[in-house]
Amino acid sequence: MEAKGSDVAIATACANIALVKYWGKREGKLNLPAAGSVSLTLDALRTWTSVSLSPEHRQDVMTIDDQAVSEAVLARTSRFVDLIRDLAGSKTRVSIRSKSNFPTAAGLASSASGFAALAVAVSDAFGLSLDGQALSILARRGSGSAARSIFGGFVRMHAGERADGTDAFATPIPGLSIPMAAVVAPAAKAGPKAIGSTEGMEQTRMTSPYYDAWIAQVDIDIEESLSSLEARDWDRIAQVVEGSCLAMHANAMAARPGIVYFQGSTLLAMNVVRSLRHAGVPVCFTVDAGPHLVAFTEPDYQDRVANALSQVPGVGDVIKSSSGEGAHLVGRMP
Ligand code: PMV
């Protein structure tokens, strides 16, 4: 059967940052997480992806920010598109153009917005109409955190138990009324990641003596994050969010060889966040698999937090973000 999709499908998706971290897989091929996670989708970190069917091509083609991608990125992307081609019963190649408004591949969650936008655009190009759950399962195959970027606001990822991964998807968390904003404090000198998240997770699972304790804590942290956000209790929010981040990194550091993502500026920025909190500002930090710090705060305090973090030595231009929407189709590329 030949695909009958739209001429060109364009989607946008925002990155998300986890408040309760995902670090470890229960299975690699289907990319199944060993535990759940909780995130906030961020409006300011966004990817747009356009996909058109190219029946004349024998290979997919892809550009990111107008540059042709490496063989490795193209191969990973084509394997992902194959999942959708299989669903559509098609062998048609695609041309993909992707743009982000933030630096990709520097540990700023670009795989999350990238694979979420790709899942939405490619499935539409092939004429498939998938619901949020199916799109989240699909995005998960590209990157675990991408499953969460299908939805806006606060999002919960479910680890699931089934071997086929049909219960490992994200869902929006309804009814959390706490006003939330974020400030991204990027490390100015960060190059590409020292070790990617998939490899880092696997090394941690195989060799860290803390791994089992880490996994056992995640469900407790998820419940505590939801109840402290609901109560708008920043002492408790900070304890669980910073606790999850520091435990994830302690676990990675305890792997053999140890994995260290922090730089000097990361630690300095952590201290600034804690000083602000001690001065009464509702704020806490988290750090993904890279040196950049993300502060969560309330919108009324966002400028104060951004000003303080922009003065930290080694921190580059800070990015202020509000809560973002879920992945969806749009009319045109920016
Ligand atoms: O989506 P992945 O496979 O790149 O994993 C993301 C892992 C962290 O960003 C470090 C934590 C998280 O929950 O997003």
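Up top is the structure.
The text that follows walks through the structure, step by step, so that each part is easy to find. In this text, all values refer to a predicted model and were calculated from it rather than measured experimentally.

Before going further, it helps to spend a moment on the site of the ligand. Close to the ligand lie 14 residues; Tyr22, Ser143, Ser145, Arg148 and Ser197 are nearest. In the model, an oxygen atom of the ligand is placed 2.5 Å from a nitrogen or oxygen of the Ser145 side chain. Burial of the ligand by the surrounding chains reaches 93%, relative to a free accessible area of 380 Å².

This part covers the pairing of strand S10 (residues 181-185). Along S10, five of the five residues are buried, which leaves the element largely enclosed by surrounding structure. Both faces of S10 are covered, namely the face carrying Ala181, Val183 and Ala185 and the face carrying Ala182 and Val184. Sheet topology note: the S10/strand S12 (residues 293-297) ladder contains five bridges and is antiparallel. By the bridge assignment for S12, Val183 is matched with Ala295. Here four bridges tie S10 to strand S13 (residues 319-322), and the two strands are oriented antiparallel to one another. Within S13, the residue paired with Ala182 across the bridge is Ser321.

Another point: the side chain of Asn16. Relative to the assigned elements, Asn16 resides in strand S1 (residues 8-20). Given a relative accessible area of 1%, Asn16 falls into the buried group. A polar side-chain atom of Asn16 sits 3.0 Å from the main-chain carbonyl oxygen of Ser145. A polar side-chain atom of Asn16 sits 2.8 Å from a polar atom in the side chain of Arg148.

This next bit is on the nonpolar core. Counting residues in each nonpolar core, the largest one holds 42 residues, and the members touching the most others are Leu19, Trp23, Phe154, Met180 and Phe296. Elements with a contribution of two residues or more to this core: S1, strand S4 (37-53), S10, helix H6 (211-230), helix H7 (234-253) and S12. Top contributing element to this core by residue count: H7, with seven residues. If near-sequence neighbours (up to four positions away) are discounted, Met180 is found in contact with Leu19, Leu40, Phe154, Leu229, Trp234, Phe296, Thr297, Pro299 and Ser323. Of all hydrophobic cores here, the second largest spans 38 residues; its members include Ala13, Val51, Val81 and Phe126.

What counts as what
- Residues numbered from 1 in each chain as written.
- Predicted model: local features only at pLDDT ≥ 70, side-chain atom pairs only at ≥ 80, totals over all residues.
- Heavy atoms only, no water.
- Near = heavy atom within 4 Å.
- Polar contact = N/O pair within 3.5 Å; in protein donor to acceptor, adjacent residues only side chain to side chain.
- Areas by Shrake-Rupley, 256 points an atom, 1.4 Å probe, with all protein chains shown as cover.
- Buried < 20%, exposed > 50% of the residue type's maximum accessible area, 1.4 Å probe, protein only.
- Helix = DSSP H or I, 4+ residues; strand = E, 2+ residues; numbered from the N terminus.
- Pairing = 2+ DSSP bridges.
- Core = buried A, V, L, I, M, F, W, Y, C linked by side-chain atoms within 4.5 Å.
- Contact = heavy atoms within 4.5 Å.

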